[in-house]
Amino acid sequence: MKVAILGTGSVGQALAKKILSLDHEIFIGTRNPSNTMENTESDAFGNPPISAWLKATPEVSLVDFKTAVEKGSNLIVFAMSGKHALDCLETVGDSLLNNRVMIDISNPLDFSNGFPPTLSVSNTDSLGEQIQAKYPKLKVVKTLNTMSNPVMVSPSELGSEHTVFMSGNDEDAKVDVAEVLKSFGWNENQIFDLGDITTARGTEMLLPLWLRVFAKVQTPYFNFNLNIKS
């Protein structure tokens, strides 16, 4: 499988490493590959820049967004900050996005007033819906956006009693994405399909709670668990 990962931060790196370990081909997309490679500074959380990561992972190609989607013909993974989502996808264009499956991990976090961030979209809309509305032929599946990247790619570290949510309009796309999640180590009974893309409002609005739990426990190794009485 050929996979385009849009985003060079810690989430994109973690997903690329996991997908690469499953013997798939990875193309990481960035706005300007030359500028990205010139950055040698760690991010605000101490994560190494993509330039250092790529030197240790030469199997992965760094290209511009459009090229990544052209080459990653089987699956797109949007792993950037939510505020850049629509701009990023605009550089790719409708024709390349049409009929593609895209896992959307982004959240509409607004850090303009510091930490903790607020949501730039909530209640009556979601970032997932905005992406789907602008690109109606893109098969958007919102998932993995309610946890840290170590949990995304290694769910077994928390055992089996926790949940990954999934939202999207295309049922076949959700089946395909569920298979991707299973390849990461998620069990079928951990994957909860909330319904169409409007249900992404719920998972995106979990982020303020996630951030406050993180501030309290000071570790990214936690997740939400859905218990349903039969």
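Before reading on, note that the structure itself is shown above.
These lines cover the structure that appears in this document, whether it is placed above or below.

What counts, and at which threshold
Residues numbered from 1 in each chain as written. Predicted model: local features only at pLDDT ≥ 70, side-chain atom pairs only at ≥ 80, totals over all residues. Heavy atoms only, no water. Helix = DSSP H or I, 4+ residues; strand = E, 2+ residues; numbered from the N terminus. Polar contact = N/O pair within 3.5 Å; in protein donor to acceptor, adjacent residues only side chain to side chain. Contact = heavy atoms within 4.5 Å. Pairing = 2+ DSSP bridges. Right-handed = clockwise from strand over helix to strand, strands pointing away. Core = buried A, V, L, I, M, F, W, Y, C linked by side-chain atoms within 4.5 Å. Buried < 20%, exposed > 50% of the residue type's maximum accessible area, 1.4 Å probe, protein only. Phe/Tyr/Trp six-rings, centres within 6.5 Å; stacked < 30°, edge-to-face > 60°. 1 Å grid on protein atoms, 1.4 Å probe; cavity = no way out; pocket = protein on both sides within 12 Å on 5 of 7 lines; lining within 4 Å. Points joined across faces, edges and corners; volume = space filled by probe spheres on them. Nonpolar A, V, L, I, M, F, W, Y, C, P; charged D, E, K, R; others polar.

## Re the side chain of serine 148
Thinking step 1. Looking at the secondary structure, you find serine 148 in the loop between β8 (139-143) and α8 (149-153).
Thinking step 2. A polar contact of 2.7 Å, which involves the side chain of serine 148, links it to the backbone oxygen of proline 220.
Thinking step 3. If sequence neighbours within four positions are ignored, serine 148 has contacts with Trp210 and Pro220.

## Examining the pairing of strand β10 (residues 191-195)
Thinking step 1. Pairing between strand β9 (residues 164-168) and β10: four bridges, direction parallel. Across the sheet, serine 167 pairs through a bridge with glycine 195, a residue of β10.
Thinking step 2. As for the winding sense of the linkage, the β-α-β connection from β9 through helix α9 (residues 171-184) to β10 is right-handed.

## Regarding the nonpolar core
Thinking step 1. Residues Ile5, Leu15, Ile26, Ile28, Val77, Leu144 and Trp186 are the most contacted members of the largest nonpolar core, which totals 35 residues.
Thinking step 2. Sort the elements by how many residues they give to this core and α9 lands first, with six residues.
Thinking step 3. Look past the residues within four positions of tryptophan 186 in its chain and what remains in contact with it is Leu144, Met147, Val151, Met152, Pro155, His162, Thr163, Val164, Leu181, Ile191 and Asn223.
Thinking step 4. Ala68, Met102, Tyr135 and Leu138 belong to the second largest nonpolar core, which has 24 residues in total.

## Considerations on unusual backbone geometry
Thinking step 1. Here the bond from phenylalanine 115 into proline 116 is cis, since omega is 0 degrees, no more than 30 degrees from zero.
Thinking step 2. Its location among the elements puts proline 116 in the loop between β6 (109-110) and β7 (118-119).
Thinking step 3. Located in the positive-phi region is asparagine 99, a residue other than glycine, with phi close to 70 degrees.
Thinking step 4. With respect to the helices, strands and loops of the structure, asparagine 99 is situated in the loop between α6 (94-97) and β5 (101-104).

## A closer look at the pairing of strand β2 (residues 25-30)
Thinking step 1. When you tally the buried positions in β2, you get five out of six residues, the bulk of the element.
Thinking step 2. Inspection of the sheet shows strand β1 (residues 2-6) paired to β2 by five bridges, in the parallel sense. Counted as the bridge partner of alanine 4 is phenylalanine 27 from β2.
Thinking step 3. Between the parallel elements β1 and β2, the chain passes through helix α1 (residues 10-21) in a crossover that is right-handed.
Thinking step 4. As defined by bridge partners, β2 adjoins strand β3 (residues 61-64) across four bridges and the pair is classed as parallel. Bridge assignment links isoleucine 28 to a residue of β3, and that residue is leucine 62.

## Focus on the packing of aromatic side chains
Thinking step 1. According to the stated counting rule, one finds four aromatic pairs in the structure shown.
Thinking step 2. Note on tryptophan 210 and phenylalanine 214: the rings are 5.3 Å apart at their centroids and 10 degrees apart in plane angle, and the pair reads as stacked. Taken together, the positions of tryptophan 210 and phenylalanine 214, both in helix α11 (residues 207-217) and four residues apart, correspond to about one turn of that helix.
Thinking step 3. Aromatic pair tryptophan 210 and phenylalanine 222: ring centres 5.0 Å apart, planes at 25 degrees, arrangement stacked. Taken together, the residues tryptophan 210 in helix α11 and phenylalanine 222 in the segment after α11 connect sequence positions 12 residues apart.
Thinking step 4. On the basis of relative accessibility, which here comes to 10%, the residue tryptophan 210 falls in the buried class.
Thinking step 5. Taken together, the ring pairs connect Trp210, Phe214 and Phe222 into an aromatic cluster.

## Points about the layout of surface pockets
Thinking step 1. Looking at the largest pocket, its volume works out to about 1700 Å³.
Thinking step 2. In terms of lining residues, the largest pocket is bounded by 48 residues, among which Gly9, Ser10, Val11, Asp43 and Phe45 are the most central.
Thinking step 3. No other element matches α11, which puts four residues into the lining of the largest pocket.
Thinking step 4. The residue makeup of the lining of the largest pocket, split by class, is 22 nonpolar, 21 polar and five charged.
Thinking step 5. Considering only enclosed or pocket space, the second largest pocket measures out at about 170 Å³ in volume.
Thinking step 6. Every residue lining the second largest pocket is listed: Ser160, Glu161, His162, Thr163, Asn189, Gln190, Phe192, Asn225, Leu226, Asn227 and Ile228.
Thinking step 7. Classifying every residue of the lining of the second largest pocket gives three nonpolar, seven polar and one charged.

## Some thoughts on the environment of aspartate 125
Thinking step 1. Residue position: aspartate 125 is located in the loop between β7 and α7 (127-134).
Thinking step 2. Assessed through its relative accessible area of 26%, aspartate 125 is described here as partly exposed.
Thinking step 3. Here glutamine 130 takes part through its side chain, which lies 3.2 Å from a polar atom of the side chain of aspartate 125.

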